[in-house]
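Chains, contacts and geometry: an overview
Residue strings, one per chain:
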Amino acid sequence: MTDDRDPEATLEQWQAEMRAEHEDAIENPDPDADHRIEGVAQVNYRLYYDYDPDEGLQRARTVEVDELTDPELRSCSCGVRGMTPEEALAHVEAAHSQS
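First, a word on what this report is: a plain description of the structure on this page. What you are looking at is a predicted structure, and each value in this text was computed from that prediction instead of being measured.

Rules of the game
- Residues numbered from 1 in each chain as written.
- Predicted model: local features only at pLDDT ≥ 70, side-chain atom pairs only at ≥ 80, totals over all residues.
- Heavy atoms only, no water.
- Helix = DSSP H or I, 4+ residues; strand = E, 2+ residues; numbered from the N terminus.
- Buried < 20%, exposed > 50% of the residue type's maximum accessible area, 1.4 Å probe, protein only.
- Patch = residues over 30% accessible without salt bridge, like charges linked within 9 Å, V, L, I, M, F, W, Y side chains within 5 Å.
- Areas by Shrake-Rupley, 256 points an atom, 1.4 Å probe, with all protein chains shown as cover.
- Salt bridge = Lys/Arg side-chain N within 4 Å of Asp/Glu carboxyl O.
- Core = buried A, V, L, I, M, F, W, Y, C linked by side-chain atoms within 4.5 Å.
- Contact = heavy atoms within 4.5 Å.
- Pairing = 2+ DSSP bridges.

**Focus: the environment of Asp54**
If you trace the backbone, Asp54 turns up in the loop between strand 2 (45-52) and strand 3 (56-64). Owing to a relative accessible area of 71%, Asp54 belongs among the exposed residues under this scheme. Residues Asp54 and His96, spaced 42 residues apart in sequence, show a C-alpha to C-alpha distance of 60 Å.

**Some remarks on a nonpolar patch on the surface**
Where nonpolar side chains cluster on the molecular surface, the patch consists of Tyr45, Leu47, Tyr49, Tyr51 and Leu57 and spans about 580 Å² of accessible area. By residue number, the principal contributor to the nonpolar patch is strand 2, which donates four residues. Under the relative-accessibility criterion, Leu57 is labelled exposed at 59%.

**Looking at the nonpolar core**
Across soluble globular proteins, you tend to see nonpolar side chains buried next to one another. Listed in full, the five residues of the largest apolar core are Ile26, Cys76, Val80, Met83 and Ala88. Setting aside chain neighbours within four positions, we find Met83 in contact with His22, Ile26, Ile37, Glu72, Leu73, Arg74, Ser75, Cys76, Ala88 and His91.

**As for the pattern of salt bridges**
According to the stated counting rule, one finds two salt bridges in the structure shown. Across the pair Arg36 and Asp34 runs a salt bridge, and its minimum N-O distance is 2.8 Å. Arg74 is the salt-bridge partner of Asp70, the closest N and O atoms lying 3.7 Å from each other. By relative accessible area, which is 19% here, Arg74 ends up buried.

**Points about the pairing of strand 2**
Where strand 2 and strand 3 come together, eight bridges link them in antiparallel fashion. Opposite Tyr51, over in strand 3, you have Leu57 as the bridge partner. Between strand 2 and strand 3, which pair antiparallel one after the other, the connecting turn spans three residues.

**Brief notes about the environment of Ala95**
Locating Ala95 in the fold gives a position in helix 2 (residues 85-98). Judged by relative accessible area, Ala95 falls into the buried class, the value being 10%. Taking the C-alpha atoms as reference points, Ala95 and Arg46, separated by 49 residues in sequence, lie 41 Å from one another. If we skip the residues at most four places from it in the chain, Ala95 touches Pro29 and His35.

Spatial relationships are all this shows, so hold off on functional conclusions.
Below is the structure:
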């Protein structure tokens, strides 16, 4: 028995289905779920160390080298992940319009 499915076509179909589910979850939030938008941001620091013969390297100071910026992708506490800022806004607005 052979599998005659085209892997590329199968992947494209799966991606289209996932996009459609994602768009539906953004536009039609669960009215019973809690909706809080969240994101993860990373700020980089430069760390400086002093050497102590008895203690080894000891952190002496830190300097923030990046400004805190809003994350590119956001999530909702209801489980919808990977939203752009615009999608996150649409999602939470849809949730509030249902209440």
